[in-house]
Amino acid sequence: MKQPAFPNDKNEQSTANKISTFDTRVEFIKSSFGHAEDLLMTPIIYKEEKGVIFYLATLSDSEKIQNSILFPLIKYHSLDFGDIPYTVGVQSKLNLNDSINALLQGNSVVIIQGSEDIFSFNTVKDLSRSPKEPDSEKTVRGSHIGFVESLSTNLGFIRQSIESTHLKIIYHQAGQYTNTKIAIVYIDGIANPNLVRRVEERIQTLFTDMIFSPGYLEELVEDTPLSPFPHILYTERPDRTIAQLMEGRIALMSEGSSDVLILPVSFFSFFQTTDDYNSRIITGSFFRFLRVSSFLISLLLPCLYIAIIAFHFEIIPNEILVPVKNSVENIPFPPLIEAVIMAFTIELIREAGIRLPTPIGQTIGIVGGLIIGDAIVAAGLVSNIMVIVIALTAISSFTIASYEMSNTVRILTFPLMVSAASFGFVGIIFSLMFIVGHLCKLESLGTPYFTPIAPFNLQGMKDAIVRFPIWMLKDRPKELLVRNKKRLNQPRRWEKNEK
Amino acid sequence: MKNENQISKLQMITFIIQTQIGVAFLSLPYEIHKFAKGDSWISLILTGFFMEVLVIFYLVLCNRFPKQHFFQILESILGKVLGKCFTFFYTGYFLLTGSTILVLFVYILKRWMLPYTPYWVLLFLMVSIGIYIAIENLSIIARFYFIASFILILFIVIAPIAFRDVNIHYIMPIGHSGVMNMVKGATHATLAWQGIEIILLLSPNVKATRKERVKAVTFANLFITLFYSFLTFICLIYFSKEEIRLLPQPVLFLLKSFSFKIIERPDLVLVSFWIILVGTSFISYLYSASLAGAFLIKKWTRKSLVYLSAFICFFFAIFFNGENEIIKLTKYTTYTGLLFMIAIPVFLLILSLLFRKRQKGEVNAEND
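Residues numbered from 1 in each chain as written. Chains lettered and ligands numbered in written order. Predicted model: local features only at pLDDT ≥ 70, side-chain atom pairs only at ≥ 80, totals over all residues. Heavy atoms only, no water.

Asker: Which parts of the structure should I look at to understand the sheet that holds strand E7 (residues 233-235) of chain A?
Answerer: All names here are of chain A. Pairing is antiparallel across the open sheet formed by five strands, whose spatial order is E5-E6-E8-E9-E7. The open sheet has two free edges, formed respectively by strand E5 (167-174) and E7, since each of these has just one partner strand. On average, each strand axis in the sheet is inclined to that of its neighbour by 25 degrees, with strand direction left out of account. Pairing analysis gives three bridges linking E7 to strand E9 (residues 260-263), with the strands arranged antiparallel. In the sheet register, Leu233 faces E9, and the bridge partner there is Ile262. (Pairing = 2+ DSSP bridges. Helix = DSSP H or I, 4+ residues; strand = E, 2+ residues; numbered from the N terminus. Axes fitted to C-alpha atoms, helices over the stretch in contact; angles between N-to-C directions.)

Asker: Can you walk me through a nonpolar patch on the surface in this structure?
Answerer: All names here are of chain A. The grouping of Met210, Phe212, Tyr216 and Leu220 at the surface amounts to a nonpolar patch, some 370 Å² of accessible area in total. By secondary structure assignment, the location of Tyr216 is in helix H7 (residues 214-221). On the basis of relative accessible area, Tyr216 is assigned to the partly exposed category, the value being 31%. (Patch = residues over 30% accessible without salt bridge, like charges linked within 9 Å, V, L, I, M, F, W, Y side chains within 5 Å. Areas by Shrake-Rupley, 256 points an atom, 1.4 Å probe, with all protein chains shown as cover. Salt bridge = Lys/Arg side-chain N within 4 Å of Asp/Glu carboxyl O. Buried < 20%, exposed > 50% of the residue type's maximum accessible area, 1.4 Å probe, protein only.)

Asker: What exactly am I supposed to notice about the interface of chain B and chain A here?
Answerer: How big an interface is tends to be stated in terms of accessible area lost as the parts join. Contacts between the two partners involve 35 residues from chain B and, on the opposite side, 27 residues from chain A. Scanning the region where chain B abuts chain A turns up two salt bridges. Residue Lys441(A) pairs with Glu136(B) through a salt bridge whose shortest N-O separation is 3.2 Å. If you look at where chain B meets chain A, you find six residue pairs in polar contact (both at pLDDT 80 or more). Those elements giving two or more residues to the side of chain B that touches chain A turn out to be helix H1 (9-20), helix H5 (80-112), helix H6 (119-134), helix H7 (138-148) and helix H15 (266-296) of chain B. Top element by residues in the side of chain B that touches chain A is H6(B). It accounts for eight residues. Grouping the amino acids of the side of chain B that touches chain A by side-chain chemistry returns 25 nonpolar, five polar and five charged. (Contact = heavy atoms within 4.5 Å. Polar contact = N/O pair within 3.5 Å; in protein donor to acceptor, adjacent residues only side chain to side chain. Nonpolar A, V, L, I, M, F, W, Y, C, P; charged D, E, K, R; others polar.)

Asker: Can you walk me through the packing of helix H8 (residues 150-158) of chain B against H15(B) in this structure?
Answerer: Two quantities define a packed helix pair, namely the angle between the helix axes and the distance between the axes. Residues and elements named next belong to chain B. At a closest axis distance of 10 Å, the pairing of H8 and H15 adopts a crossing angle of 140 degrees. With respect to each other, H8 and H15 are oriented oblique. Along this stretch, H8 crosses H15, giving a crossing that reads as left-handed. Between H8, through Ile151, Leu152, Leu154, Phe155 and Ile158, and H15, the contact on the second element is made entirely by Leu270, Phe273, Trp274, Ile276 and Leu277. Taken together, the residues of the contact of H8 with H15 break down into 10 nonpolar, no polar and no charged. (Parallel < 35°, antiparallel > 145°, perpendicular 65-115°, else oblique. Left-handed = near helix turned anticlockwise from the far one by under 90°.)

Asker: Any chance you could explain the domain arrangement of chain A here in plain terms?
Answerer: Residue and element names in this part refer to chain A. By the assigned domains, chain A splits into domain 1 (9-121), domain 2 (135-265) and domain 3 (280-448). In this complex, domain 1 contributes 12 residues to the contact, which on the side of domain 2 involves 10 residues. Contact between domain 1 and domain 2 buries roughly 970 Å² in total, counting both sides, with carbon and sulfur atoms accounting for 61%. Applying the counting rule to domain 1 against domain 2 returns one salt bridge. Considering only residue class, the side of domain 1 that touches domain 2 consists of six nonpolar, four polar and two charged. (Domains from an automatic or database assignment. Buried area = accessible area lost by both parts, 1.4 Å probe.)

Asker: Hey, could you run me through the sheet that holds strand E3 (residues 108-112) of chain A in this one?
Answerer: Pairing between the strands of a sheet comes from backbone hydrogen bonds, and it takes one of two forms, parallel or antiparallel. Residue and element names in this part refer to chain A. Taken together, four strands build an open sheet; the order of strands is E1-E2-E3-E4 and the sheet is antiparallel. Taken across any chain shown, the strands that pair with only one partner, and hence form the sheet edges, are strand E1 (39-46) and strand E4 (118-121). Adjacent strand axes in the sheet meet at a mean angle of 25 degrees when their direction is disregarded. Two strands pair when backbone bridges link them, and strand E2 (residues 49-56) and E3 are joined in this way by four bridges, in the antiparallel orientation. Within E3, the residue paired with Ile53 across the bridge is Val110.

Asker: Teacher, can you tell me more about helix H11 (residues 318-329) of chain A here?
Answerer: Since the α-helix advances by 3.6 residues per turn, residues separated by three or four positions end up pointing in the same direction. Residue and element names in this part refer to chain A. Look at H11: 16 Å from first C-alpha to last across 12 residues, which is about the 16 Å you get at 1.5 Å a residue. Taken as a whole, H11 has its buried residues at Val324, Ser327 and Val328. All buried residues of H11 fall inside an arc of 90 degrees around its axis, so they share one side. Across H11 from its buried face, at more than 90 degrees, point the exposed residues Asn318, Glu319, Val322 and Asn326. (Expected span 1.5 Å × (residues − 1). Arc of directions from axis to C-beta.)

Asker: Looking at this structure, how should I read the nonpolar core?
Answerer: It is characteristic of soluble globular proteins that their nonpolar side chains tend to be buried jointly. In this structure, Phe229(A), Leu252(A), Phe267(A), Phe25(B), Phe71(B), Tyr228(B) and Trp274(B) are the most contacted members of the largest nonpolar core, which totals 234 residues. Sorting elements by how many residues they give to this core places H15(B) first, with 17 residues. For this core, the two domains that each supply at least three residues are domain 2 (135-265) and domain 3 (280-448) of chain A. In this view, Phe229(A) contacts Phe267(A), Phe295(A), Met405(A), Thr408(A), Leu412(A), Ile435(A), His438(A), Leu439(A), Leu442(A) and Tyr449(A); residues no more than four positions away in its chain are not counted. Within the second largest apolar cluster, 17 residues are counted, among which are Val26(A), Phe33(A), Leu103(A) and Leu104(A). (Core = buried A, V, L, I, M, F, W, Y, C linked by side-chain atoms within 4.5 Å.)

Shown next, in the form of structure tokens:
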């Protein structure tokens, strides 16, 4: 068979009068997608005229294109797409705007020189490989879908949810040997172009052998890798990614990873979950508040306990003094050693639980939690209250929505415990000053990390410690310097109409 | 980058407040009670009024040189050599005040919470946090100060608990100590306002119109005045004349007398938070000293001068920490404070008005 070559010199000359309209149509489609790189075109020959099949590689199934367009064309030279609907889902006589919508849904669009007709074929890819709910980000309500390991499928999820030409995908390749495909996803018209450019520059200048995991990418791209705090949000949830994109953030996706990196994010992004918005306003706010305070509890509880036992016994009221004294009296170790033993044990159980398969992991939990906890108190090595304190700390650290942030907290408790054991409250306050100072210094892609608290932003506070009603979250986060600041124009407009 | 160095109105307010509220306010009622007795709170309001006038003078001076910070203004008005001399004196003044803060801080901390911790360890902690924050640019320091300001709310909320058992007769009759004593008390209260001169350094970096600046600065001053007089007022009606004479840190003794269901000694918690307030004042002085130093020695970066300033303060505080020396040091700081905070700026303003000096050309301040 003759391979359809394009552009064909002979055809070009003979149909010179119609080139302009054909080319402008092709150009129109290309430019409406902003020359998106997943918009592909395959040249064909249809009734002796040249034509082109447009399709989004991320959404269309190339096998279906092969079967429903290319094979029939090769078999029957005089085939007319308009005459016989020879395959399911052919639409003819589309105008250009319809054809763009058809493309966005995953269809292929055929444009033919010399013909006014535009055809669309149903070639939507079956996005299978059963995406399941990510284990690390479970929700009660809302979608239960998670990203998979294929970049194009993941991008398909996003394209599916944001049916707009403003969704921009830029492909890059990184890793000299692996040539890992990395996609920068953002929404044109919302995301700040300077941020996009900075991310692109950072991706372009990666010179490494391989990018094998999102953690690799994170470390190479982020601003302050040595900081204990994460400044890039990992998510496996398409709905969360979409929400972040719509706020004006940028998503970094790489082939072979079900995690999407969202940047730039602020400290409080790590405490937001999809559930906050799916539950009622008051409960959602309560859960958010719970999570933020769990950060403080897990950070401060052990060191406060150590400081009180070691330095400021007088701060305990008389009623509590007796049980505390009874519990602590016969313990051979100073409170710091006690706390470190317990905290370390918890970390061991956690790590063992992750590395082992689920059934054994549970056994470890029981052995670790119940037996060690019980025996260590019975043996008189660690006080009752210390076990309670450390267990509470661990539980509240796991309440934090982000795995990275919960690890950060537990790591930070160690220096806090040491400073509490050496200087009491004074040590805690100095450590906190260092932590808060560090948070004030941190910037993620030039946007302040600890916003909306510092620099203070009242609008941003609506979605930080508690969640305000959705109709009150009218503006996108201020620190992102987005191009389109308004998120909602007239929410609950019906209220006016019904009056 | 110039843009990153700008602070908002709100940040300016918290910056001024945090710089001023430091070591002095814990012992303020005691210090002023020596002179004005039961009318100490009136003295403080008087000082507040006086400081408001001073602040307006500051702003008038700054508005004549909108894009220059204080040391550049000094040079523009007094000439190169004299300007540098004065900048040098100011550097010394900032270092002296910074050291005084350190000395008083460790003195109070050792008495209240950590009697056995070595002196230099506490100094070292304070100096290291000072360096950690002060080497950053202005906007980051301002962010930190904003968060620190929440602590003031804690003091404001907890102090009124004293109203349960107060005796209003302690301050009656109002005005019994006489105008002269009140004025005397007011002059001694200026130490608590020390730090207000930070306005002169911040001025070119604030994103605000002239009107907004006046408002912001007035608000800050009003807050300080009310905060001080409120705490003093509570101490005055809580402790009798004889008691207050024995209590060098009345605010803390006040807090110590409370007890809650879960916290028996709230003063320990509040002293810990007070450390942050002291820290912010110290950071401001480190920042000011390093800024002045960077203006004197153009070759050195401000960062390295922060280290140097902190080092000087540390050593100064290590060698002068006896009881008598602390009294002397406080005295010197108060007097030099009067000179550097009030006399020189006002003098400068008069000079600039007399000789019609204004900012010439585009000499921009480069605080970083």
